[in-house]
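# Coordinate analysis (summary)
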Amino acid sequence: MVDTGESRGVSEQQPQNPALARLRAAIRDQWDDLSPAERNVARYLTNCSPEQVLFASAQDLGASIGVSNATVVRTLQRLGLGGLSALKRDIAADFSTDVAPEVRLRQRISQVGQDLDGIRARVYDEAIERLEHGRANLDADAFRLATELLADASEVLAYGVGASELAGRHLALKLNRMGRRARFVGTTGFGLADELLTLRRADVVVMFVPGRFLRDMEVLLDRARVVGARIVVVTDELVERLADTADAVLYAPHTPTGITAESLAAIVLSDALLLAVASLDETRSVEHSHQLTALRAQLLEPKEGRPRR
């Protein structure tokens, strides 16, 4: 039996973050199967704080350990953790709950420092990691079903509050430009009741809800079920919780650090849905794009003889 602990270069002190505790357990269970380079990665990660992992790219970690960034990613995948983005997501779930927003902001600034080239690289690295993680974990069947539902909808109600408002507005705006009826709803409280009155059976609700499930969202889902409207949910943490409630649940990972925009992955996913819907009726999409261009031209260049106001 292989011993654990210091002989493996792993501190006996248990990390308080549950995700790092799971990482540590996975390393102990699979230590004998790791290559020398992978063991170096494992040793380094078990001695990292949550902040160090959250704000580091695979390239940063590889440079610190003396291995390639591919080795870092491969090690985490071998340990069953899905890669660096997945590990960051698990760490952030507990870290964001326990640490006040102003403290997280101070830590983000402290981690990136004042190296402008480094700041630029960190932002792009996290954006790429998030999008790659989202693409790898997006259910193809759910995406196909969501596309079909949007294409057949009488009207799409795109719902999002807070940071998710950007993704909801983006989807509704682009659908309207393609000649499909859509409206954005970001109302909360009693005002939401007025928005739900006009929801009909032939409509589709698209909810952007990364993690926190509000009472308003529950009411919206209940109303959709009552009238028979179909439901598409774009989320990060609630995939399993809403799997039996929505017709299609699409995964869009939110930022583990706050460095990149919360709605980044959801907006890119919306763009994929929009292009997929447009491809099902190219003539309709092109015609409405032409009409939009013509209307813009009229607004920019008033007809000769028409008085300016």
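Read on for an overview of the structure. (Residues numbered from 1 in each chain as written. Predicted model: local features only at pLDDT ≥ 70, side-chain atom pairs only at ≥ 80, totals over all residues. Heavy atoms only, no water.)

### Considering the side chain of T260
- Secondary-structure assignment places T260 in the loop between strand 5 (248-251) and helix 13 (264-280).
- The class of T260 is buried, set by a relative accessible area of 7%.
- In this structure the side chain of T260 is engaged in a polar contact, spanning 2.5 Å, whose partner is the side chain of E126.
- Leaving out residues up to four positions away in the same chain, T260 has contacts with V123, E126, A127, R130 and T255. (Helix = DSSP H or I, 4+ residues; strand = E, 2+ residues; numbered from the N terminus. Buried < 20%, exposed > 50% of the residue type's maximum accessible area, 1.4 Å probe, protein only. Polar contact = N/O pair within 3.5 Å; in protein donor to acceptor, adjacent residues only side chain to side chain. Contact = heavy atoms within 4.5 Å.)

### Describing the pattern of salt bridges
- Overall, the coordinates contain twelve salt bridges when judged by the stated rule.
- Across the pair E165 and R169 runs a salt bridge, and its minimum N-O distance is 2.7 Å. Residue E165 and its partner R169 are located together in helix 10 (residues 165-177), separated by four residues, close to a single helical turn.
- Here E165 falls in the partly exposed class, since its relative accessible area comes to 29%.
- Among the residues examined, R169 registers a relative accessible area of 46% and is labelled partly exposed.
- Through salt bridges that share partners, E155, R181, R183 and E195 make up one connected network. (Salt bridge = Lys/Arg side-chain N within 4 Å of Asp/Glu carboxyl O.)

### Regarding the layout of surface pockets
- Computed from the structure, the second largest pocket encloses a volume of approximately 350 Å³.
- What lines the second largest pocket is a set of 17 residues, among which V73, L84, S85, E129 and E132 lie closest to the centre.
- Elements that contribute at least two residues to the lining of the second largest pocket include exactly helix 4 (58-65), helix 5 (69-78), helix 6 (84-98) and helix 8 (116-136).
- The element that contributes the greatest number of residues to the lining of the second largest pocket is helix 8, accounting for six residues.
- A class-by-class count of the residues in the lining of the second largest pocket yields five nonpolar, nine polar and three charged. (1 Å grid on protein atoms, 1.4 Å probe; cavity = no way out; pocket = protein on both sides within 12 Å on 5 of 7 lines; lining within 4 Å. Points joined across faces, edges and corners; volume = space filled by probe spheres on them. Nonpolar A, V, L, I, M, F, W, Y, C, P; charged D, E, K, R; others polar.)

### Looking at the environment of E262
- Turning to its location among the elements, E262 is positioned in the loop between strand 5 and helix 13.
- For E262, a relative accessible area of 30% puts it in the partly exposed group.
- E262 sits 95 residues away from A167 along the chain, and the two C-alpha atoms are 9.6 Å apart.
- Excluding residues within four positions of it along the chain, E262 makes contact with R130, A163, P210, H254 and T255.

### Observations regarding a nonpolar patch on the surface
- Taken together, the side chains of V123, Y124 and I128 make up a nonpolar region of the molecular surface, amounting to roughly 290 Å² of accessible area.
- Structurally, the position occupied by I128 is in helix 8.
- On the accessibility criterion, I128 (45% relative accessible area) is partly exposed. (Patch = residues over 30% accessible without salt bridge, like charges linked within 9 Å, V, L, I, M, F, W, Y side chains within 5 Å. Areas by Shrake-Rupley, 256 points an atom, 1.4 Å probe, with all protein chains shown as cover.)

### A look at helix 8
- Look at helix 8: 30 Å from first C-alpha to last across 21 residues, which is about the 30 Å you get at 1.5 Å a residue.
- Inspection of helix 8 places G118, E126, A127, E129, R130, H133 and G134 among the buried residues, and these make up the whole buried set. The arc enclosing the buried residues of helix 8, seen along the axis, measures out at 165 degrees, which places them on a common side. Exposed side of helix 8, more than 90 degrees from the buried face: L116, Y124, R135 and A136 are the residues found there. (Expected span 1.5 Å × (residues − 1). Arc of directions from axis to C-beta.)

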